[in-house]
Number of protein chains: 2
Amino acid sequence: MPTDLIHGAAVIGQSGGPTAVINESLVGAVLALQPHEAVTAIYGARNGVRGMIENNYVDLTSAPDEFLNRIAATPSAALGSTRDKPDAAYCERIFESLRARDVRYFFYIGGNDSSDTCRIVNELSDQAGYELRCFHIPKTIDNDLMENDHTPGYPSAARFVAKAFTGDNLDNRSLPGIKINIVMGRHAGFLTAAAALARQHQGDGPHLIYLPERNFEPDKFVADVDAIYTKHGRCLIAVSEGIHNAEGESIAHILSQTGEVDDHGNVQLSGSGALGDFLANLLRTELTPEGGKPPRVRADTLGYMQRCYPDASPIDQAEARACGTKAAQVAMSGDLDGSIAIKRDSTTPYKAEPSVVKLTAVAGKTRVMPKEFLKGNHDVSEAFIDYLTPLVGELPTVESFS
Amino acid sequence: MPTDLIHGAAVIGQSGGPTAVINESLVGAVLALQPHEAVTAIYGARNGVRGMIENNYVDLTSAPDEFLNRIAATPSAALGSTRDKPDAAYCERIFESLRARDVRYFFYIGGNDSSDTCRIVNELSDQAGYELRCFHIPKTIDNDLMENDHTPGYPSAARFVAKAFTGDNLDNRSLPGIKINIVMGRHAGFLTAAAALARQHQGDGPHLIYLPERNFEPDKFVADVDAIYTKHGRCLIAVSEGIHNAEGESIAHILSQTGEVDDHGNVQLSGSGALGDFLANLLRTELTPEGGKPPRVRADTLGYMQRCYPDASPIDQAEARACGTKAAQVAMSGDLDGSIAIKRDSTTPYKAEPSVVKLTAVAGKTRVMPKEFLKGNHDVSEAFIDYLTPLVGELPTVESFS
């Protein structure tokens, strides 16, 4: 135990889109902080930075283990989340709130926007000469944080996507047709790619996987689907909500009726069936034989279920907990600030540990799928399957006639 | 064992939208038929009646238990399904196929359209003087078959809907806004109503539940949502895909871009996000304060995942199996034909058994939610919760601050 630890309160917040395991990270940090003498109080900020400027806190200083463990097993952000991105004036208000409570340890659980918030708060505290130790704890179903082998939240979302496609592949086989499923992921295709885990038998879908790491060309899409449909009499397709044309324009954005943009400049992609319906109509129009019946085409948008469906991957739960614990341990070791990142030691047997990296290495940056995880223009590689398989927990085994 | 049992082959088919447990019924019937001397062969018809007219069968006469039990645990129709509705000419072709194989036992697993197919086949065999024992085995996530307390497939779909709303309620609480989820169910609201099982704590959603048993009035809908949103700062809404106006016109139908109708005259309701997006846009438009920002409104359509997500209710699996077994047992008892129906003996402790009813009591008819399961215009009653709870298996328990 270093002797130069500053005494003061700790604050912890949750930010961005929730996940099935974000409360594990919260509870990991709180339980690791509670025994420390230097930590005079532990406050959970309701709705992230917004709770800080509104002095809206939950006192977790003496929250009992049993209650916290029930919170940990609950999906979504129990403290509430936020999409606010603090500017200079907003940060001043955060500091007023933190100073008033003598907060010296700041933990923020979130994705790349949230790690950037953490970086800004850290820089402003440095400029103000206020000793504040800032830690970012990773969380995102998009799996798009730099420095991380993978991020807490992604394995559970990938598990949902794999199971959804397992069921939907069997559904599509029993009543053949063309089926499109739109999967979350703004810039990175990791979550859409998880659909590939549904393949267990010869001919199983998804037969085509469209990722934002590739340009989306409607003509080629129609030709790809036509080829599979002609061969198998059916076609199951995984499409990332983030697909874009060669100019980088999001296909969903072009279709967006709302034009709604959040404080981070992100356009609304989820919570609408527009992209799926557009692609379904495109296929229906282009693949109807002259004078014939249109093929059976359906589109589902997997939607918000992907991030909070209550069936977390056990490894994801354990790792999210470990990331929260690690952040608290590092804060209590005298280091000044940092971002927790999961590093993989080996795949067989699977072994990974949280470590600490610089905030600036993660903040505001986006990781996409590496080339070795892609196969051609509409599939993923065996290397990706090997990477993902140990993360998602046990998946159902299905049987088939023929 | 009756001595007058006619010797011959048995054929079994699966029809209509698949479920997570329809293969349990298939395997229940096959395993119960296999030991009987009167049953000279067991054929699984691929894609229901279509396999019969195309002579496309799987020989199940000696299929091993272990393999069949793996099939049983697999969601969706392992033999393939169909939406074909046989007319007289179609039925003639069915008979040619059945006669050629000396089929004397006919089992058809499906919903109300399928039970009607079964009834027609039965009547035509009577007219032709061909001894054919016909049994309908119930299956539908819509839970809309007459004579049944509930139907195999419904509990598993209800389990998925309850879990999806459990996660989505927590998601919506962490990032408050208005959220619409569209749930399957063409005429009956049972599946949409299952969303109510997500409520565990004060203020939990779904806050509003719109069922096809009530007329849907857009003005009232907007006012209902406004009241909840003003009170709670958020609103989670369950909407049946089958909602209709006072004239009985389906809201989704009015919006339908495809105008696609299946052989049963059913309009395509699923596989499109149009209804959710329409309702979201309506709320966005009507609830934007003058000169202010529109509220955050999102819509998801739960889609095909509802019927084949690989996480079946254990009771549903056991009951689907028991319905298949019962059909085979009744056929081997000398009875001529019938439909298997689940009858509930008691709710506490839960006890139910399959029994036999007349085909004409089920065929082509639709059951909707009884009045005692409804509460006002946009909720369900405690009686419905009591009815549903024992069917879905264990649901996750969630914890909450405050």
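Residues numbered from 1 in each chain as written. Chains lettered and ligands numbered in written order. Predicted model: local features only at pLDDT ≥ 70, side-chain atom pairs only at ≥ 80, totals over all residues. Heavy atoms only, no water.

S.K.: I'd like a rundown of the environment of Pro354(A), residues and numbers included.
M.R.: Residue and element names in this part refer to chain A. Relative to the assigned elements, Pro354 resides in strand β11 (residues 351–357). For the pair Pro354 and Gly324, spaced 30 residues apart in sequence, the C-alpha separation works out to 9.3 Å. Non-local contacts of Pro354, meaning those with residues more than four positions away in its chain, are made with Ala322, Cys323, Lys326, Ile340, Ala341 and Ile342. (Helix = DSSP H or I, 4+ residues; strand = E, 2+ residues; numbered from the N terminus. Contact = heavy atoms within 4.5 Å.)

S.K.: Hey, could you go over the sheet that holds strand β5 (residues 133–138) of chain A for me, with residue numbers and the actual values?
M.R.: Neighbouring strands of a sheet are bound in pairs by backbone hydrogen bonds; such pairs are parallel or else antiparallel. Residue and element names in this part refer to chain A. The strand order across the open sheet built from seven strands is β3-β2-β1-β4-β5-β10-β11, with neighbouring strands paired in mixed fashion. Bordering the open sheet on either side are β3 (57–59) and β11, each of which pairs with just one other strand. Recorded for the sheet is a direction-independent mean angle of 25 degrees between the axes of neighbouring strands. Where strand β4 (residues 103–110) lies against β5, six bridges are found, and the strand directions are parallel. Its bridge partner being in β5, Tyr108 is matched across the sheet by His136. Against the sheet, helix α12 (residues 314–331) touches β4, β5, β10 (337–346) and β11, its axis set at about 170 degrees to β5. (Pairing = 2+ DSSP bridges. Axes fitted to C-alpha atoms, helices over the stretch in contact; angles between N-to-C directions.)

S.K.: Could you give an account of the packing of aromatic side chains, with specific residues and numbers?
M.R.: Under the defined criterion, the tally for this structure stands at 29 aromatic pairs over all chains. Judged by centre distance (5.7 Å) and plane angle (20 degrees), the ring pair of Phe107(A) and Phe135(A) falls under stacked. Pair noted here: Phe107(A) is in strand β4 and Phe135(A) is in strand β5, with a separation of 28 residues, a long-range link. Here Phe107(A) and Phe135(A) have matching classes, each one buried. Relative to Tyr309(B), the ring of Tyr309(A) lies with its centre 5.3 Å away and its plane at 55 degrees, an arrangement referred to as tilted. One end of the pair, Tyr309(A), is in the loop between α11 (305–308) and α12; the other, Tyr309(B), is in the loop between α11 (305–308) and α12 (314–331), on a second chain. With a relative accessible area of 4%, Tyr309(A) lands in the buried category. The ring of Tyr43(A) has Arg101(A) lying over it, and the distance from NZ or CZ to the ring centre is 4.8 Å. Sitting over the ring of Tyr130(A), Arg104(A) keeps its end group 4.1 Å from the ring centre. (Phe/Tyr/Trp six-rings, centres within 6.5 Å; stacked < 30°, edge-to-face > 60°. Buried < 20%, exposed > 50% of the residue type's maximum accessible area, 1.4 Å probe, protein only. Lys NZ or Arg CZ within 6 Å of the ring centre and 35° of its normal.)

S.K.: Residue-level account of the interface of chain A and chain B, with values.
M.R.: Taken together, the contact between chain A and chain B spans 66 residues of the former and 66 residues of the latter. Carbon and sulfur atoms supply 57% of the area buried between chain A and chain B, which totals about 5,100 Å² over both sides. Where chain A touches chain B, the interface holds four salt bridges. Between Glu399(B) and Arg70(A) there is a salt bridge, with the nearest N and O atoms lying 2.7 Å from each other. Taken together, the elements giving at least two residues each to the side of chain A that touches chain B come down to α3 (65–72), α6 (154–174), α10 (274–286), β9 (297–301) and α11 of chain A. No other element matches the nine residues that α6(A) contributes to the side of chain A that touches chain B. (Buried area = accessible area lost by both parts, 1.4 Å probe. Salt bridge = Lys/Arg side-chain N within 4 Å of Asp/Glu carboxyl O.)

S.K.: Tell me about the relation of the copies chain A and chain B, and name the residues and values.
M.R.: Once chain A is rotated about the relating axis by 180 degrees and shifted along it by 0.0 Å, it coincides with chain B to within an RMSD of 0.0 Å. What the rotation and shift describe, once combined, is the action of a two-fold rotation axis. For chain A, the residue whose C-alpha comes nearest the rotation axis is Gly273(A), separated from it by 2.1 Å. Interface overlap between copies: 100% of the residues of chain A at the interface are likewise at the interface in chain B, consistent with a symmetric, same-surface contact. (Least-squares fit on C-alpha atoms with pLDDT ≥ 70 in both.)

S.K.: Now, about α3(A): what can you tell me, with residues and values included?
M.R.: By the burial criterion, the buried members of α3(A) are Leu68(A), Ile71(A) and Ala72(A). Down the axis of α3(A), the buried side of the element spans an arc of 100 degrees, and every buried residue falls inside it. (Arc of directions from axis to C-beta.)

S.K.: Give a detailed account of the state of the cysteines, specifying residues and quantitative values.
M.R.: All names here are of chain A. Summed over all chains, the structure comprises zero disulfides over all chains. Take Cys118: it sits in no disulfide, and the sulfur closest to it among the cysteines is that of Cys134, at 5.2 Å. Of the residues examined, Cys118 reaches a relative accessible area of 0% and is grouped as buried. (Disulfide = S-S within 2.5 Å.)

S.K.: Let's hear about the pattern of salt bridges: which residues, and what values?
M.R.: Within the structure shown, the criterion is met by 44 salt bridges over all chains. The salt bridge partner of Glu24(A) is Arg321(A), with a shortest N-O separation of 2.9 Å. Taken together, the positions of Glu24(A) in helix α1 (residues 22–33) and Arg321(A) in helix α12 put the pair 297 residues apart, joining distant regions of the chain. Among the residues examined, Glu24(A) registers a relative accessible area of 8% and is labelled buried. The class for Arg321(A) is partly exposed, based on a relative accessible area of 23%. Here Glu123(B) makes a salt bridge to Arg119(B), at a shortest N to O gap of 2.9 Å. Residue Glu123(B) and its partner Arg119(B) are both found in helix α5 (residues 112–128); the two are separated by four residues, about one turn of the helix.

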